[in-house]
Structures are given as C-alpha cells and as structure tokens.
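One-letter residues, chain by chain:
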Amino acid sequence: MLKIVDGSKSYNHNDKIINVLQPFNLLIEKGEFVAIRGKSGSGKSTLLHILGCMDQLTTGDYYFNDNKLSTNKDNTLAKFRGKHFGFVFQAYHLIKEFTALQNVEAPMAYMHTPRKLRRERALALLSQVGLEDKVNFYPKQLSGGQQQRVAIARALANQPDVIFADEPTGNLDRDNGNKIISLLCELHRQGTTLVMVTHDGDLGKIADRSIHLVDGHIKS
Amino acid sequence: MIRVMNIISLAFRMVLYYWKSYILITLQIAAGAFVIYSSLTIYYSIESRYKEMQDEVHALTWNIVAQSTDDSDSPPITYEQLLQLKNSYTEAMFPLHFVYPVHYPNQDNELVEAYFIYASDDYMKLMIQSDETFETSQHVYMGAEIKQFMENNGDLLKLLPDTPAYRIIDESLDIGEEAHYSIIPITNVSNHKSNSFEISIHFGETDKKALSENIVLLPLKAVYEHHMPNIEMALRLPVRVDPTVPGEEATILIMQVVSQLFSWNSAYSYNVSTQLQQFLLKMTGVKDTAVIVSVIAIVCLILVILGLTGLIHLLFNRRKQGLSILIAMGARRQDLWVSMVLESMYPALLGVGIGVLGGYYYLPRYVQLEQIEISPTAIGMFFTVAGCLLPVFLSSSTLLLRIYNMKPIKILSRE
C-alpha cells in the first residue's frame, strides 16, 4: 500500500548537509498497524511526515497503491492527504477558533462534502469517540484526553485509508493514554491502516510490526 | 460550488470568532464610507444641477446689463459695435432692443401704457420669427390699439421724456403722476421741451401686427438718431447662444462679449444675469468643499485600511498553526488565502454598508442646498464601495506570499 524505494532525507543547515534518514526501502501493507520507534531526533517524525505527504524525500520514490506521489505538486498532495490520510498529533493541534464539531467538520469542508452530510458524519464520529455531549465546546474547554479524541474523530472525518499518529499519548496521563490507544486499536481492527510514532516500548508491542530508527537508519 | 460556500462560511466563522478585533475597524470604515458617500453624493448632485444649468444656457436668453458709471450720453453699445459682435460671434444671436414705455389717453380717456421698441433683426427673428431685414428699414409693426390712437392723431408722434402724461376730464387736466414718458399728438403740443423727439410712423406702409395691442416695433437703427441715456432703466443686451455650442463654451462666449463691451465703453459696467452667476459661484464653492472632504475621507480611510491590513497580518501570525493544520488536512493554500481575504472583506463590507446606508438615509433628510436636490446616486455608491473594498482587497492580498511560504511541518513540529 505505502512503498518507499531508495528513499532518503537530508537537510541543508548552515551549508552543512544533515542526513536525517539514510537510504532506505519501506513497505507498509493495507490494514497493518506499524509502530515507528526510536530515540528523540532519530528521524521518526520526519519519516511519518514523508509517509503522510507533508514532507518530501530528498532522493527516492514514494508510492501509494502503486501511484507515484513523490513527483506531485503541493495542491495535488493536499488533495491526496485530505482524501486518503488522517493525522493525529501529539499536541492535538485542534483549531482553537472552532468548536469540537467544527474541528471534525473542517477536513470534510475541503473535500467538498455537502454541509448536511458533514454535520451528520461529524456528530456520529464525536459520538463514536464518546464526546457527543461536547460537540459545541471549544478546545480550551476540553481536557487533553478529550482534545485528542476530537483529533481522532477529525482524522477519521474523510474515511481515510491510513491514519498517521505522532506520539498520540505523549501529552496524556496513563489513563487517558490507554483510552486513546484503545480507540486507535479499535480503528485498526475495523481495517484502517495505522502508522504510529512512539518511543513507548509497550505500545510497540501491540503493533503488528515495529520500525526502529537509529540515527536515521531503519532497522525493522 | 460547495468548495466556494465552504470557504465563505469558514471566513465568516473566523470573523465571528474575532469580532471584537474587527468591530472598531468596521466602525472606522463605516465613518469613512459615510463621509465619502456623502461628499460624492453632494458633488454629483451639484454637478448634475450644473449640467442642467449649462443646458439652460441655451434655453435662456442671457442679459448683459449695462449701467452707466457716470453721466455719459453715449449708448452702451453702438450700432456698429453690434454689427461687429454679430460678425465675431456667429454662433450667437444678439436680439438687442431699446424699450421706451410711454403713456397716452385712449378712446375711453384712460391713461394707458404702451411700448416703443427699437428692435434689431435678431430680436424680430426671435420674437415674431421674421427673417426680414428690419433694423435698417423704414418699416413699423404696430399693435391695434395704439394704431387706432395714432390714426386718430396723425402719423407723427412726439415723445416727451420727463413729462407726465395727461388727459382732459371735464375740460380740465388730469395728470398721470406715475407716467413719465408721454406721447401727445404733435398738433396738440408745443415744441418747448428740449429733450423731446419726434418719431415718424408711416403705419400705412405695413399691416403687420406687433407683439401686443400697445406695442410699436421700430427699426433699431432709428434709436441712435435720438438716443437718450436713461439712468433709471438699465439697458439689457440680450445674447442667445446656438444650442449646438456646448454649455461651457457658451458661458465663455458670454464672458468674452462682456469683456469686449467693456473695452469699447468703459463708461458703463456690464454684468451677466447676476442671480444665475451668483448661484454658479456659490455651488462651485460647495462642490470644491465636497471634493476636499472626499479627499480627507479617502486619506482617513487609507489609514483605517492600513490598520486593517496590520490586523489581518497580526491574526495571520496568531493563526499560523491553525492554517498549518488545515493544510495537513487537505486544504489548498489558495483556498486559505481566499478565506483570509474574505475575512478582511466582511468587516469592510459591513462598514461600507453601514456608511452608505447611513448617507442614503441622512443626506436627503438633513442636508438641504438652495436649488439642489440631494438625491442618492448609483455612481456615488459604486465609487464608495469600490474605493473602500478595493484597497482592503489589495492590502489583504499581501498575505498570498506569506501563505505560500508557510512551512506547516515546521510550525506543527514546534508545538
């Protein structure tokens, strides 16, 4: 489903080339739950961003269902992201000006979903994550766990093929963290491909497969 | 369509969220729009009246009023000067005429007023549509009543200035104190008055009717044989400009004629129909004030719009994270840009709406100018709306580069 061939990523910083990801090949199958693990600065978030089409490879090619994405332009990638991918961030990244309901509706708005359908689906997703009574709350009125559940509902808005989660429990206490992991595992059981960055060894164990990153080198 | 609606609603949602930031700017734009719309409306109302008046230049016969500044006994315009004017300004008519109101006792022995009018060709053409050469002829046009009087009294009249008209009642004189020009049959009056003059009326030569029962039309040139300065009555030199000449040129022509007359006869002062002239001058002043107010309002509005631009950029800095999230979720950068431009346009539109509607309501009710109807103008509305919204659009457009240069990954990773 997701395939990177001869990929690498480097940055130019003060005329010095920093290799964040050394040349690698990667294949993630449909329906897989893949955990990307590694120490801080090992390049795991960069890999997630490349897989989520929010960043691009320096060398190599990236394919989604055999469609080459690495040569696509910004607008095409944006459309692709909206249609096929969902994101859950460590810091939730809800839009503070929107209510929980509007946050979940937002990705659908950019996929030209009619207003009525958008509203129905957003309400159903918030209900699915147990926030049916918080739909009109703004992010600042919600706890961290609730915000992350809104973020998950938002990631599911366009019925994505893949969900990318970047340390989704990093800012949560254990109890709330467990709830979020349960929710993500439930989505995986329903058939959604899940790619999650974590440095928590226990979380790595519940994934189908773990990818270890050590100083930019991928060791599956 | 759904995409457009979504962008519009997103922008609207943002304005509602940040309404406290926008409200002051909206009110400032409303004030600016009100002043601009009001001054434009006043300007266009005056301009429109101005144009009407320029058109009236054609319909009007302009009267150049000549008044003697000393005891000059020369006429304010000689016959030769009239001919010169006619040659110089072929696009104008000069229906010059000298009027002598006279009094005489009629058949019923009542004192009645009659008018001896020495008329030019242009006057005859204008008043009775006659194309004949009249001003140098020996012809006379007469009203029926005075004609009858003269038939009874002979064909030679004597005009007696400064002499009250009189009639005989019961064999005694009844003097008309108000009638200071009399005509008495020469056979009945002695020739002792030095300023009296005779008019030979060969009424048998024409049966054409004058303008009314008591008018006698005489050739203009004859007046110069016995012209007398008349201090009490200012002479009016009428000028009528050909309708094909634009109003502004016609006005200039009139001014040139006045200037020419003054250079010929400095013993007279010449003025154009003063009421009209004063009105034009007054309205020119109001129009200039409206222009100045407009310019001040535009400057103020530009300052407000710069403030709005600053606010939009400030909000952009505060919203970088939200915009990055939207990009991550599939929003195209141009959609976000359009959304932010719309966001700045909403308060501007609301402000302009309040300002224009305020002007629309307020102006006709509370602003009144003499002879001017202050009415709302579509062109005023258009320029106000365009003048307010276009700079807002242009200034918020500067966000385009900032949005395109935004790096969502960096912004989201920073959190």
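Being a predicted model, the structure only gives us computed values, none of them experimental.

1. So, the overall build of chain B
Scanning chain B from terminus to terminus reveals twelve helices and 13 strands. Per-residue burial over chain B gives 47% buried out of 415 residues. Long-range pairs, those at least 24 residues apart, make up 81% of the contacts in chain B between residues at least 6 apart in sequence. Total accessible area on chain B stands at roughly 20,900 Å², and carbon and sulfur atoms take up 58% of it.

2. Quick notes on the layout of surface pockets
Gaps left between atoms show up when a probe the size of a water molecule is rolled over them. Of the volumes computed, that of the largest pocket is approximately 720 Å³. At the level of secondary structure, the elements contributing two or more residues to the lining of the largest pocket comprise β1 (2-13), α1 (44-51) and α2 (74-84) of chain A together with α8 (320-328) and α12 (408-414) of chain B. Among the elements that line the lining of the largest pocket, the one with the most residues is α12(B), at four residues.

3. Here we look at a positive patch on the surface
On the surface, a cluster of positive charge is made up of K96(A), K140(A), K20(B) and R318(B). Within the element layout of this structure, K96(A) appears in the loop between β6 (85-88) and α3 (100-109).

4. Considerations on a negative patch on the surface
Together, D108(B), E110(B), E145(B) and E213(B) line one region of the surface with negative charge. On the secondary structure map, E145(B) appears in helix α5 (residues 144-153).

5. Brief notes about the environment of D6(A)
Residue and element names in this part refer to chain A. By the element assignment, D6 lies in strand β1. According to the relative accessible area criterion, D6 is exposed, its value standing at 51%. The sequence separation of D6 and L26 amounts to 20 residues, and the corresponding C-alpha distance is 8.6 Å. In this structure, D6 is in contact with F24, N25, T59 and G60, ignoring residues within four places of it in sequence.

6. Considerations on the nonpolar core
Judged by nonpolar contacts, the single largest core of 87 residues is most densely connected at L51(A) and F85(A). In contact with L51(A), other than residues within four places in its own chain, are L2(A), I4(A), L26(A), I28(A), I36(A), Y62(A), F85(A), F164(A) and V195(A). Counting residues in hydrophobic clusters, the runner-up holds 43 residues, among them V140(B), V216(B), V241(B) and I254(B).

7. Remarks on the environment of L237(B)
All names here are of chain B. Along the polypeptide, L237 turns up in strand β12 (residues 235-241). For L237, a relative accessible area of 3% translates into the label buried. Each C-alpha atom, one on L237 and one on L96, is 5.5 Å from the other, the two residues being 141 residues apart in sequence. When neighbours within four sequence positions are excluded, L237 is seen to be in contact with W62, N63, I64, I77, L85, L96 and L261.

8. Remarks on the pattern of salt bridges
Applying the stated criterion across every chain yields a total of twelve salt bridges over all chains. Note that K68(A) and D61(A) form a salt bridge whose closest N and O atoms lie 3.5 Å from each other. Relative accessible area serves as the criterion here: at 24%, D61(A) is assigned to the partly exposed category. Ionic pairing is found between E97(A) and R319(B), a salt bridge with its closest N-O pair at 4.0 Å. Here the residue E97(A) occupies a position in the loop between β6 and α3, and R319(B) occupies one in the loop between α7 (274-318) and α8, the pair thus bridging two chains.

9. Side note on the UniProt feature "transmembrane region" (unreviewed entry) in chain B
Residue and element names in this part refer to chain B. Under the UniProt annotation, the feature "transmembrane region" (unreviewed entry) is placed at residues 21-44, 291-316, 336-362 and 382-404. Along residues 21-44 one finds 100% helix and 0% strand; the C-alpha atoms at either end are 35 Å apart. Regarding residues 382-404, the helix share stands at 91% and the strand share at 0%, and the terminal C-alpha atoms are separated by 33 Å.

10. Brief notes about the interface of chain B and chain A
Contacts between the two partners involve 28 residues from chain B, matched on the other side by 30 residues from chain A. Across the chain B/chain A interface, buried area totals approximately 2,600 Å², and carbon plus sulfur atoms make up 61% of it. Here chain B is connected to chain A by two salt bridges. One salt bridge in this structure joins D74(A) and R333(B), with 2.8 Å as the shortest N-O distance. If you look at where chain B meets chain A, you find seven residue pairs in polar contact (both at pLDDT 80 or more). Looking at the side of chain B that touches chain A, the elements with two or more residues in it are α1 (2-17), α8, α9 (333-366) and α12 of chain B. For the side of chain B that touches chain A, the leading source of residues is α1(B), giving seven residues. When grouped by side-chain class, the residues that make up the side of chain B that touches chain A number 14 nonpolar, six polar and eight charged.

11. Here we look at the sheet that holds β6(A)
Residue and element names in this part refer to chain A. What the six strands build is an open sheet, ordered β6-β7-β8-β3-β9-β10; its pairing is mixed. Taken across any chain shown, the strands that pair with only one partner, and hence form the sheet edges, are β6 and β10 (217-219). Taken over all neighbouring pairs, the strand axes of this sheet differ in orientation by 20 degrees on average, direction set aside. One ladder, built from four bridges, connects β6 with strand β7 (residues 162-166); its direction is parallel. Bridging across to β7, F85 finds its partner in V162. Along the sheet face, α2 touches β6 and β7 and points at about 80 degrees away from the line of β6.

12. Some details on the sheet that holds strand β13 (residues 268-272) of chain B
Spatial strand order, β2-β12-β1-β13 (chain B): four strands in an open sheet with antiparallel pairing. Pairing within the sheet leaves two strands with one partner each, and these edge strands are β2 (92-93) and β13 of chain B.

Rules and cut-offs
Residues numbered from 1 in each chain as written. Chains lettered and ligands numbered in written order. Predicted model: local features only at pLDDT ≥ 70, side-chain atom pairs only at ≥ 80, totals over all residues. Heavy atoms only, no water. Helix = DSSP H or I, 4+ residues; strand = E, 2+ residues; numbered from the N terminus. Buried < 20%, exposed > 50% of the residue type's maximum accessible area, 1.4 Å probe, protein only. Contact = heavy atoms within 4.5 Å. Areas by Shrake-Rupley, 256 points an atom, 1.4 Å probe, with all protein chains shown as cover. 1 Å grid on protein atoms, 1.4 Å probe; cavity = no way out; pocket = protein on both sides within 12 Å on 5 of 7 lines; lining within 4 Å. Points joined across faces, edges and corners; volume = space filled by probe spheres on them. Patch = residues over 30% accessible without salt bridge, like charges linked within 9 Å, V, L, I, M, F, W, Y side chains within 5 Å. Salt bridge = Lys/Arg side-chain N within 4 Å of Asp/Glu carboxyl O. Lys, Arg positive; Asp, Glu negative; His and termini not counted. Charge placed at Lys NZ, Arg CZ, Asp CG, Glu CD. Core = buried A, V, L, I, M, F, W, Y, C linked by side-chain atoms within 4.5 Å. UniProt positions renumbered as here; feature names shortened; annotations may be inferred. Buried area = accessible area lost by both parts, 1.4 Å probe. Polar contact = N/O pair within 3.5 Å; in protein donor to acceptor, adjacent residues only side chain to side chain. Nonpolar A, V, L, I, M, F, W, Y, C, P; charged D, E, K, R; others polar. Pairing = 2+ DSSP bridges. Axes fitted to C-alpha atoms, helices over the stretch in contact; angles between N-to-C directions.

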